[in-house]
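# Structure assessment
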Amino acid sequence: PTSAPVDPTSAPVDPTSAPVDITPAPVDPTSAPVDPTQAPISTTPVTTNDSVPPPPVPESPPRSDFRCGINEEDSRVNCGRVCIFNSDCESGEYCWSTFPNTCYA
């Protein structure tokens with residue numbers, strides 16, 4: 001069976017995904033303004049542990065690409081096979097345009 005080519009500008013919609021709320025957080029009009037000339041006050045004690053190395057810094061920023069998977073998250077999280085068409089993927093998988101990821105690193 002031959003699969004129809006995937007439009008690289010759009011991916012199938014995952015009906016199980018929750019909608020994204022893009023409403024900005026409310027601002028409390030009664031809060032006092034922040035003085036930009038003052039350093040922030042921290043009540044958290046500062047501790048150091050020289051035996052714990054800092055986390056590694058990625059060599060380059062995440063980027064989007066097209067990968068095989070059962071949905072976009074699967075293709076991105078599991079670093080599915082790079083694809084152009086659905087026919088590039090295994091049975092039950094589709095070629096998805098992914099959110100930025102580090103699969104190529």
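Preceding this paragraph is the structure being described.
Described below are features of the structure shown in this document. (Residues numbered from 1 in each chain as written. Predicted model: local features only at pLDDT ≥ 70, side-chain atom pairs only at ≥ 80, totals over all residues. Heavy atoms only, no water.)

## Structural notes on the overall build of the chain
Within the chain one finds one helix and two strands. Each helix (α) and strand (β) of the chain, taken in turn from the N terminus, gives the series β-α-β. A burial count over the chain gives 16% of its 105 residues as buried. Considering only intrachain contacts with a sequence separation of at least 6, the fraction spanning at least 24 residues in the chain is 64%. Split by element, the accessible area of the chain, about 9,000 Å² in all, is 60% carbon and sulfur. (Helix = DSSP H or I, 4+ residues; strand = E, 2+ residues; numbered from the N terminus. Buried < 20%, exposed > 50% of the residue type's maximum accessible area, 1.4 Å probe, protein only. Contact = heavy atoms within 4.5 Å. Areas by Shrake-Rupley, 256 points an atom, 1.4 Å probe, with all protein chains shown as cover.)

## Considering the pattern of salt bridges
On inspection of all chains with the given rule, the structure shows three salt bridges. Between Arg-67 and Asp-65 there is a salt bridge, and its shortest N-O distance comes to 2.8 Å. Of the two residues, Arg-67 and Asp-65, neither departs from the other in class, the shared state being buried. Of the charged contacts, one joins Arg-81 and Glu-90 as a salt bridge, the two residues approaching to 3.0 Å between their closest N and O atoms. You can call Arg-81 partly exposed: its relative accessible area is 47%. (Salt bridge = Lys/Arg side-chain N within 4 Å of Asp/Glu carboxyl O.)

## With respect to unusual backbone geometry
Phi angles above zero are rare outside glycine, and Cys-79 is one such case at about 50°. Examined against the element boundaries, Cys-79 turns out to sit in the loop between α1 (72-77) and β2 (94-97). Residue classification places Cys-79 among the partly exposed positions, given a relative accessible area of 36%.

## Details of the state of the cysteines
This structure, assessed with the given rule, holds three disulfides. What pairs with Cys-68 in a disulfide is Cys-89, and their sulfur atoms sit 2.1 Å apart. Disulfide Cys-68-Cys-89: torsion about the S-S bond near -80°, hence left-handed. Pair noted here: Cys-68 is in strand β1 (residues 66-69) and Cys-89 is in the loop between α1 and β2, with a separation of 21 residues, a long-range link. (Disulfide = S-S within 2.5 Å.)

## Notes on the side chain of Arg-67
Mapped onto the elements, Arg-67 comes out in strand β1. Note on Arg-67: relative accessible area 6%, which makes it buried. Engagement of the side chain of Arg-67 in a polar contact is seen with the side chain of Asp-65, the distance being 2.8 Å. Engagement of the side chain of Arg-67 in a polar contact is seen with the backbone oxygen of Gly-80, the distance being 2.7 Å. (Polar contact = N/O pair within 3.5 Å; in protein donor to acceptor, adjacent residues only side chain to side chain.)

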